[in-house]
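These are the residues of each chain, in order.
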Amino acid sequence: MTDYGHDLRFGTFLPAEAADAAEALRLAVRTEELGLDMTSLQDHPYQGRFLDTWTQLSVIAAHTERISVFPNVANLPLRPPAVLARAAASLDLLSGGRVELGLGAGGFWDAIEAMGAPRRTPGESLKALAEAIAVIRALWSDERSVRVDGEYYHLKGAHPGPGTAHDIGIWVGAYKPRALALIGRLADGWLPSSPYVAPELLAESNRRIDEAAEQAGRRPEDIRRLYNIAGSFRGDGREFLQGPPKVWVEQLAELAVSEGMSGFVYMVRAGGDSDLERFATEVVPAVRELVAAERTRPEEPTAAVVLPEPASAVTVREHNATLATPTPDDGTRLSGTSLWDESERPTGPASDLAVQYSGRQRASGQHLVDVHNHLREELQQLRDLVDQVASGALDLGRARSMINTMAMRQNNWTLGTYCESYCRVVTTHHTIEDLSLFPRLRAADPRLVPVVDRLEAEHHVIADVLERVDQALVAMVAKPEGIKQVREAVDLLTDTLLSHLSYEERELIEPLSAYNVM
């Protein structure tokens, strides 16, 4: 199991056809609107039906404010490294530090040769790639003049500059053993594509990179691992990234914590807006949460510390003081509809009053409370926004400013978008529990199975309530007075969600502390 601890980054791999020149730019802007981190374009300068990659990247950078841009990957035989270095540095400065450099040794040699570049053998290509990296780094340095004496590329007292706005990463797209060793020695990142390097090949490839890095005196964790991915949300889940978002979440999170892949670049097709939105809103936040939970979970369970005093000497208050504090259900109900019988909720095993929990154990239960408190706060803000719309007092500029400070941020600042964003956050949280937390609790203590089963069933009920909110919002678009139905749906969501969160905390805070399954 390898997790290099890198922050997770998500982005898009855009179409580049000149016949639909505006599509890449439109999808790049949408990539930023959806909160992703980066966008990229393939680079095939010999392909007459493609736009020039660096020209496109420059236009994209000019129309966006936050996302990084990079060639995926730059075709080295047709892009002299000295010129490439200055082009990348210039765009990095102009974009405020938003450029990375994907770099490839070359392929499709007939087409490259037709463009006037020399044909190279695999060995020559690798040697040229190593020299190109040296040239690029030299021209990004702060030396007065630099020299590189190479067989294919060289500098003879060239003056570096312009300087970059940030440390641009050189991410190499390569697959063969010698190329992987070069990445380990020289590159900042590895950028393979899933159609060429299947998930089951990642471990061996990473091993080759790590061994070469260590032999060169480098740390393997200094090399970022990014993965260009292609898939479909319409499969049955039996193949890689062929199935609903839950399948994607589980598979990508597994690659992050087991194979060290910390960047995922989704290959989006022209017109693929709906799939891009599902990736950004249903897959990405859930992968982030699942990986974060896995990274904070101790590798080995920490045993509870039993005090030497007899159980009778330990009070309930002393015992509870070592646990996170659950939020009680105050019994307030806003809707006349009840979707479950709370008296039928099972309870878990009784507390062992002779057990006190360490700060590390307590943190597991506290994490659950913290996540739930975030959902409670966002729910209250949602209710406030509905009230403002209902009263006609909503100022859209002020609402936009408020929503912009929240995690659930969208480009369209309407009530409907905000509500839909909230629904996705709740669904993502429940997906994480269903996929990761609940199976571990069932395995840790069979006595918890009835509780976990009930919690999972309530997740499905809440999902139906979220659907009611969506339906009310859709109806309100055509019929503004439908705000009454929106309020009723949000009231029902409030009743069910707050009741569920309190029940879950009551039953799970202590098991989470005892078994460290977060």
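Engineer: What should I look at first to understand the pairing of strand β7 (residues 154–158) in this one?
Structural biologist: The side chains of a regular strand alternate, residue by residue, between the two faces of the sheet. Both strand β6 (residues 146–149) and β7 contribute to a ladder of four bridges, which runs antiparallel. Bridge pairing in β7 links Val-146 to Ala-158. With antiparallel pairing between neighbouring strands as the criterion, β6 and β7 make up a hairpin whose turn holds four residues.

Engineer: Quick question: what am I supposed to make of the packing of helix α3 (residues 81–95) against helix α5 (residues 122–139) here?
Structural biologist: Describing two packed helices takes the angle between their axes plus the distance from one axis to the other. Direction vectors running N to C along α3 and α5 enclose 40°, while the axes themselves pass 8 Å from each other. Between α3 and α5, the angle falls in the class oblique. α5 is crossed by α3, and the crossing has right-handed handedness. Along its contact with α3, which presents Pro-81, Ala-82, Leu-84, Ala-85 and Arg-86, the element α5 presents Ala-132, Val-135, Ile-136 and Leu-139. For the contact of α3 with α5, the per-class residue count stands at eight nonpolar, no polar and one charged.

Engineer: Help me understand helix α6 (residues 177–186), please; the structure alone is not making it clear to me.
Structural biologist: Those residues of α6 not exposed but buried are Ala-179, Leu-180, Leu-182, Ile-183 and Gly-184. Looking at the buried side of α6, the elements it contacts are α5, β8 (170–172), β9 (189–190) and α7 (202–215).

Engineer: Explain the sheet that holds strand β2 (residues 38–41) to me, please; I cannot follow it from the model alone.
Structural biologist: Pairing between the strands of a sheet is mediated by backbone hydrogen bonds and can be parallel or antiparallel. With respect to topology, nine strands assemble into an open sheet ordered β3-β2-β1-β11-β10-β9-β8-β5-β4, the strand pairing being parallel. In the strand order of this sheet, the two ends are held by β3 (68–71) and β4 (74–75), each with one partner. Bridging between strand β1 (residues 9–14) and strand β11 (residues 263–267) involves five bridges; their strand directions are parallel. Residue Phe-13 lies in a different strand from β11, and its bridge partner there is Met-267. Each of β1, β2, β3 and β5 (101–104) touches helix α2 (residues 53–63); the most contacted strand, β3, lies at about 175° to it.

Engineer: Help me understand the packing of aromatic side chains in this model?
Structural biologist: When we look at a pair of aromatic rings, we describe it by the centre distance and by the angle of the planes. Taken as a whole and assessed by the stated rule, the structure comprises ten aromatic pairs. Grouping aromatic residues by their ring pairs yields a cluster made of Phe-10, Phe-233, Trp-248, Phe-264, Tyr-266 and Phe-279. A cation over a ring is seen here: Arg-225 above Tyr-4, with NZ or CZ 4.0 Å from the ring centre. In this arrangement the basic side chain of Arg-278 is found over the ring face of Phe-233, its NZ or CZ atom lying 5.2 Å from the centre.

Engineer: Explain the pairing of β2 here, please?
Structural biologist: What you see with β2 is no split at all: Met-38 and Ser-40 on one side and Thr-39 and Leu-41 on the other are buried throughout. As judged from the four bridges shared by β2 and β3, these two strands associate in the parallel manner. Residue pairing for β3: Thr-39 is matched across the bridge by Val-69. Of the crossover connections in this fold, the one passing from β2 over α2 to the parallel β3 is right-handed.

Engineer: It is not clear to me how the environment of Ser-232 should be interpreted in this structure. Could you clarify?
Structural biologist: Within the element layout of this structure, Ser-232 appears in the loop between β10 (224–229) and α8 (245–259). Measuring from C-alpha to C-alpha, the distance between Ser-232 and Asp-275 comes to 8.1 Å, with 43 residues separating the pair along the chain. Apart from the residues lying within four places of it in its own chain, the contact partners of Ser-232 are Leu-241, Gln-242, Gly-243 and Trp-248. Polar contacts involving the side chain of Ser-232 include one to the main-chain amide nitrogen of Arg-234, which spans 3.1 Å.

What counts as what
Residues numbered from 1 in each chain as written. Predicted model: local features only at pLDDT ≥ 70, side-chain atom pairs only at ≥ 80, totals over all residues. Heavy atoms only, no water. Pairing = 2+ DSSP bridges. Helix = DSSP H or I, 4+ residues; strand = E, 2+ residues; numbered from the N terminus. Axes fitted to C-alpha atoms, helices over the stretch in contact; angles between N-to-C directions. Parallel < 35°, antiparallel > 145°, perpendicular 65-115°, else oblique. Left-handed = near helix turned anticlockwise from the far one by under 90°. Contact = heavy atoms within 4.5 Å. Nonpolar A, V, L, I, M, F, W, Y, C, P; charged D, E, K, R; others polar. Buried < 20%, exposed > 50% of the residue type's maximum accessible area, 1.4 Å probe, protein only. Phe/Tyr/Trp six-rings, centres within 6.5 Å; stacked < 30°, edge-to-face > 60°. Lys NZ or Arg CZ within 6 Å of the ring centre and 35° of its normal. Right-handed = clockwise from strand over helix to strand, strands pointing away. Polar contact = N/O pair within 3.5 Å; in protein donor to acceptor, adjacent residues only side chain to side chain.

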